[in-house]
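Fold and contact review
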Amino acid sequence: MLVGKVVGSVVSTRKSEKLVGNKFMVVELAEQMGGSGNQLVAIDNIGAGIGEFVLVATGSAARVGCDLADAPIDAAIVGIIDDGRQWMQK
Amino acid sequence: MLVGKVVGSVVSTRKSEKLVGNKFMVVELAEQMGGSGNQLVAIDNIGAGIGEFVLVATGSAARVGCDLADAPIDAAIVGIIDDGRQWMQK
Amino acid sequence: MLVGKVVGSVVSTRKSEKLVGNKFMVVELAEQMGGSGNQLVAIDNIGAGIGEFVLVATGSAARVGCDLADAPIDAAIVGIIDDGRQWMQK
Amino acid sequence: MLVGKVVGSVVSTRKSEKLVGNKFMVVELAEQMGGSGNQLVAIDNIGAGIGEFVLVATGSAARVGCDLADAPIDAAIVGIIDDGRQWMQK
Amino acid sequence: MLVGKVVGSVVSTRKSEKLVGNKFMVVELAEQMGGSGNQLVAIDNIGAGIGEFVLVATGSAARVGCDLADAPIDAAIVGIIDDGRQWMQK
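Here's a quick rundown of the structure. (Residues numbered from 1 in each chain as written. Chains lettered and ligands numbered in written order. Predicted model: local features only at pLDDT ≥ 70, side-chain atom pairs only at ≥ 80, totals over all residues. Heavy atoms only, no water.)

With 28 residues of chain E at the interface, the matching set in chain D holds 25 residues. Interface area for chain E against chain D, summed over the two sides, is near 1900 Å², with a carbon-plus-sulfur share of 52%. Interface area lost by chain E to chain D is led by R14(E), P72(E) and D74(E), which between them contribute 30%. The interface formed by chain E and chain D holds two salt bridges in total. With its nearest N and O atoms 3.9 Å apart, the salt bridge here joins R14(E) to E52(D). At the boundary of chain E with chain D, the tally comes to 13 residue pairs in polar contact (both at pLDDT 80 or more). Elements with a contribution of two residues or more to the side of chain E that touches chain D: strand 1 (2–10), strand 2 (14–15), strand 3 (24–29), strand 4 (39–44) and helix 1 (60–64) of chain E. Looking at the side of chain E that touches chain D, the element that brings in the most residues is strand 4 of chain E, giving five residues. Of the residues assigned to the side of chain E that touches chain D, the class counts are 14 nonpolar, eight polar and six charged. Judged from the two bridges that link them, strand 6 (residues 75–80) of chain D and strand 2 of chain E form a sheet pairing that is antiparallel. (Contact = heavy atoms within 4.5 Å. Buried area = accessible area lost by both parts, 1.4 Å probe. Salt bridge = Lys/Arg side-chain N within 4 Å of Asp/Glu carboxyl O. Polar contact = N/O pair within 3.5 Å; in protein donor to acceptor, adjacent residues only side chain to side chain. Helix = DSSP H or I, 4+ residues; strand = E, 2+ residues; numbered from the N terminus. Nonpolar A, V, L, I, M, F, W, Y, C, P; charged D, E, K, R; others polar. Pairing = 2+ DSSP bridges.)

What follows is the structure, given as structure tokens:
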């Protein structure tokens, strides 16, 4: 999993039917997880808010592990980190 | 998922039978998603046009999530972003 | 999928039994697809020749999508691009 | 698999139900495995301690190979390296 | 698949039960396959020796293609290259 900070969201009206009902959050990976400025879009079924540090699962784990095995999803927020301070951008 | 802009398409007459009927779009990833100039080819069943910003799913999600589980597909456009302006190259 | 140019092949006499009968082509990714000089080895069931520009599928798509689900294959040439000129190294 | 050193852990109270009971360790990849400062978060069912060098499996291998096929896990510590000295940061 | 040179091995006494009986070889990827100094650890069921150039399959192909579908393995040596000279570090 990767650690990142939720920095925004994406709205897509025209999308795959299988994605309807999911929220798409923009997550900026922590500097230690691949460099600053590196972002990805993950679904969120945990309820993370903007500014929170989260654990993101990528690849098949995102859909299989979130009971969305048939959906075109390759990244999901799977946990909110209790104390995000150690991950703050230096 | 990754955010990118559709910048072109690829025509391939000699290809795997399982790919027949699909459109192959060239997507340039947003600068925030891995650097400018970084492109990939994704199938498109949503109907994205050149210049539109899209969500791309990669890996097994692209084929399993697009009802093409048996096809050699590793990237698919799965949504068109409503307001692409925030993703414009700086 | 990624676009690349076939630049050579690899011969391996001692290999997994499940790979017997496959050709291993060396594909150099187009500059727009991850930088010049970046190569990978892909099986070829399409009949691509040296110098041709091709579409390469990676990950599980390569084996599942090429009817070789049980073989240790993670990259496959799945199409030959009609007009490769736009992908020439600048 | 990749070699890395366990440098810490992550606590997440609000997380996917399927992750409950797992420990999340922060692993810094060895310099030879992708550059210094590059970290990921892996579950640990082997009992690795801070400072130990470990083998990390990524992708579907992490969940399928750890009897957690339905969990959103994409990295797991699967072995502790007997003699980690060769992997010390130069 | 990627081309690399076997440069060593890893010994792990405390490891996942499913890994028992496998050899873990350190493979340095060829310069053309992602830059010098970039290494990974792959199981070897072919019998590659130190200094030999090999084909490495990564991802699910490594376990599914090596009849170890339930093991936490994400890289495997699947062939020994007959003539490794073209891959020598320049």
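Our focus in this paragraph is the pattern of salt bridges. Counted according to the given criterion, the structure contains 15 salt bridges over all chains. Taking the shortest distance from any N to any O, the salt bridge between D67(A) and K18(D) comes out at 2.7 Å. Within this pair, whereas D67(A) is found in the loop between helix 1 (60–64) and strand 6 (75–80), its partner K18(D) is found in the loop between strand 2 (14–15) and strand 3 (24–29), the two belonging to separate chains.

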